[in-house]
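What follows is each chain in one-letter form.
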Amino acid sequence: MFIDRAIIEVRSGKGGDGAIAFLHEKYRPMGGPAGGNGGKGGSIFLRASNSTTTLVNFRHSKTFIAKDGEKGGIKMQYGRNAEDIYIDLPIGTVVFLEENHTFLCDLNEEGKTFLIAKGGRGGRGNACFKNSRNKAPKIAENGLPGERKRIILELKLLADVGIIGFPSVGKSTFISLVSNAKAEVADYPFTTIVPNLGVVYLDDNSSFVLADMPGLMEGAHLGKGLGLTFLRHIERTKVLIHMIDISSIDPYQNYLAIRHELESYGMNLIDRPEVIVASKMDEENSKEKLLELEKKLGKKVYGISAYTNEGIKEVLYKVKDLLKDAKEFPIYKEEDKNVIYNLDKEETIFNIRKEKEHLFIIYGERVERTYDLINISTDEGMMRLITYLNKIGVDQKLKEMGAKDGDIVKLKEFEFEYFE
């Protein structure tokens, strides 16, 4: 079964908590703090692999969960790092965040790997907090939480050339004749419901990958018929074979309709070099119709017949010539790496919003990350958190926002009362 779209969820592992421990050995009465660091949580990677050609294994929403890192132990024992998970995907898979369809990566090469969910860092044990002023610290860090994402996987086939046209114009017959593809051929529309890939070998030992796409209809760029299936898979092609049934009522209008769909879809499809092919040249009056079509288009049209093999080699060699100079069109442009950052701009450490009367919420990536690290199960840990919040100006900000004695302030699941 050919599946070219799936949604999965990934969850990386939490880092192990650092330990609070002290040496208690017979001959080392002043052994000091000996809590080890926690291990790193497992990360999740996506990897392009030729071991699979479809997303069928992900057709039902699946969840991949990495293990948490182990907690630190006594006697400076570090927790074990959790094992990373690698998810093998077909070459040509493009990945987006489900939430806002943000582009994440294009797995277009064998072995290409992308870190999709980073494992949490392990927390430091109390041995790391020993200093000249505090020789017996009773504080340790929690491991940082992992990441949780729902992602969309879309397979966009890696083909050099795509055959496009209305249903039943002879696309499947053509690819079956010129390549090793075994496409279904029948005399009804939408015989092809999934793309077929085949390799074309020419007499001069050159070759290219050809894809037969599901038939197009007007409104395909809006998802009508099998349009999105069709259009998604020609995004990577460098050259298009635009096939027209010369025996149809109006071949010229059919050509224009297909071109309109390419332009409406975008992704530079309209800019691809194309070879215009008129199929079914064995039909009556086909030569006259071909000359008329060429006159209207002002372009060369190659006539072919699947029954007599007329013109097929000429088309293939024309495609080969176009491929020599054809450029690649990136699926998505990479972000500009030459960004100039304003180093004078101060990064916001925290924000506060008034959720309702007598309730204030502290939020922000940096303050939440620091909170996740602080182990507040001990008095020293709690004091460390309060000292940190005062240091970054939370108390002053609450005062400016009109907080009154007894108002509730929350930072994630931590909750305390405000007093001046």
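Residues numbered from 1 in each chain as written. Predicted model: local features only at pLDDT ≥ 70, side-chain atom pairs only at ≥ 80, totals over all residues. Heavy atoms only, no water.

Moving on: the pattern of salt bridges. Counted under the stated rule, the structure contains 23 salt bridges. For the salt bridge of R148 with E9, the shortest nitrogen-to-oxygen distance reads 3.0 Å. On the criterion of sequence distance, the pair formed by R148 in strand β8 (residues 148–155) and E9 in strand β1 (residues 5–11) is long-range, its members being 139 residues apart. On the basis of relative accessibility, which here comes to 59%, the residue R148 falls in the exposed class. A relative accessible area of 8% places E9 in the buried class. With a closest N to O distance of 3.8 Å, R121 and E141 form a salt bridge. Taken as a pair, R121 in the loop between β7 (113–117) and β8 and E141 in the loop between β7 and β8 lie far apart in primary sequence, 20 residues in all. The class for R121 is partly exposed, based on a relative accessible area of 35%. (Salt bridge = Lys/Arg side-chain N within 4 Å of Asp/Glu carboxyl O. Helix = DSSP H or I, 4+ residues; strand = E, 2+ residues; numbered from the N terminus. Buried < 20%, exposed > 50% of the residue type's maximum accessible area, 1.4 Å probe, protein only.)

With that out of the way, let us pick up the side chain of H242. One can find H242 in strand β12 (residues 239–245). By relative accessible area, which is 0% here, H242 ends up buried. Reaching out from H242, the side chain makes a polar contact with the side chain of E274 at a distance of 3.3 Å. In this view, H242 contacts I164, Y255, I258, R259, E274, V275, I276 and V277; residues no more than four positions away in its chain are not counted. (Polar contact = N/O pair within 3.5 Å; in protein donor to acceptor, adjacent residues only side chain to side chain. Contact = heavy atoms within 4.5 Å.)

With that settled, consider helix α4 (residues 286–297). When the terminal C-alpha atoms of α4 are compared, their 16 Å separation across 12 residues agrees well with the 16 Å that a helix rising 1.5 Å per residue should span. Regarding α4, the residues found buried are S286, L290, L293 and L297. Along the axis of α4, the buried residues cluster in a sector spanning 65 degrees; they form a single face. Exposed residues pointing more than 90 degrees away from the buried face of α4 are listed as K287, E288, L291 and K295. Close packing links the buried residues of α4 with β12, α3 (251–265), β13 (274–279) and β14 (301–303). (Expected span 1.5 Å × (residues − 1). Arc of directions from axis to C-beta.)

Once that is clear, we can look at the nonpolar core. If you look at the biggest cluster of nonpolar residues, it comprises 34 residues, and the most contacted ones within it are F174, F208, L210, I241, V315 and V319. Per-element accounting of this core gives the leading share, five residues, to helix α5 (residues 312–325). For F208, the residues in contact, after removing those within four places along its chain, are D160, V161, G198, V199, V200, L202, L316, V319 and L323. (Core = buried A, V, L, I, M, F, W, Y, C linked by side-chain atoms within 4.5 Å.)

A few words now on the packing of α3 against α4. Between α3 and α4, whose axes approach to 9 Å, the crossing angle comes to 45 degrees. Taken together, α3 and α4 sit at an angle that is classed as oblique. Residue-level contacts link P251, Y252 and Y255 of α3 to L293, K296 and L297 of α4. Of the residues that constitute the contact of α3 with α4, the class distribution is five nonpolar, no polar and one charged. (Axes fitted to C-alpha atoms, helices over the stretch in contact; angles between N-to-C directions. Parallel < 35°, antiparallel > 145°, perpendicular 65-115°, else oblique. Nonpolar A, V, L, I, M, F, W, Y, C, P; charged D, E, K, R; others polar.)

Looking now at unusual backbone geometry. Excluding glycine, most residues fall at negative phi; most peptide bonds, likewise, are trans. The phi dihedral of K75 is positive, around 55 degrees, even though this residue is not glycine. Here K75 lies in the loop between β3 (62–65) and β4 (85–90). Using a relative accessible area of 52% as the deciding quantity, one classes K75 as exposed. For N309, which is not a glycine, the phi torsion comes out positive at approximately 65 degrees. Here N309 falls in the partly exposed class, since its relative accessible area comes to 48%.

Right, let's get into the confidence of the model for the chain. Mean pLDDT over the chain works out to 83, with 85% of the residues at or above the 70 mark. Considering only residues more than four positions removed or in separate chains, one finds that residues 183–193, a stretch of pLDDT under 50, has 29 contacts. Below pLDDT 50 for its whole length, residues 219–228 participates in 21 contacts with residues either more than four positions away or in separate chains. (pLDDT = per-residue confidence, 0-100.)

Looking now at the sheet that holds strand β15 (residues 351–356). The strand order across the open sheet built from four strands is β15-β16-β17-β18, with neighbouring strands paired in mixed fashion. The two strands at the open ends of the sheet, each matched to only one other strand, are β15 and β18 (414–417). Taking the axes of each pair of neighbouring strands and ignoring which way they run, one obtains an average angle of 25 degrees across the sheet. (Pairing = 2+ DSSP bridges.)

Looking now at the packing of aromatic side chains. Under the definition given, this model contains five aromatic pairs. For the pair F45 and Y86, a centre-to-centre distance of 4.8 Å together with 10 degrees between the ring planes defines the contact as stacked. Residue F45 is found in strand β2 (residues 44–49), and its partner Y86 is found in strand β4; the two are separated by 41 residues along the sequence. Taking 5.6 Å as the distance between ring centres and 35 degrees as the angle between the ring planes, the aromatic pair formed by F414 and F416 counts as tilted. Judged by its relative accessible area of 24%, F416 falls in the partly exposed class. Aromatic rings pair up to connect Y371, F414 and F416 into one cluster. (Phe/Tyr/Trp six-rings, centres within 6.5 Å; stacked < 30°, edge-to-face > 60°.)

The next subject is the packing of helix α6 (residues 365–373) against helix α7 (residues 379–391). α7 packs onto α6 with a crossing angle of 165 degrees between their chain directions and a minimal axis gap of 11 Å. Judged by the inter-axis angle, α6 sits roughly antiparallel to α7. Note that α6 runs across α7; the crossing there is right-handed. Facing α6, whose interface residues are R366, V367, T370 and Y371, α7 presents L385, Y388 and L389. Its residues assigned to classes, the contact of α6 with α7 comprises five nonpolar, one polar and one charged. (Left-handed = near helix turned anticlockwise from the far one by under 90°.)

Taken together, the buried positions of helix α1 (residues 171–178) are occupied by K171, S172, F174, I175 and V178. The buried residues of α1 occupy one face: seen down the axis, they fall within an arc of 160 degrees. Where α1 is buried, its residues touch β9 (161–164), β10 (196–201), β11 (207–212), β12 and α5.

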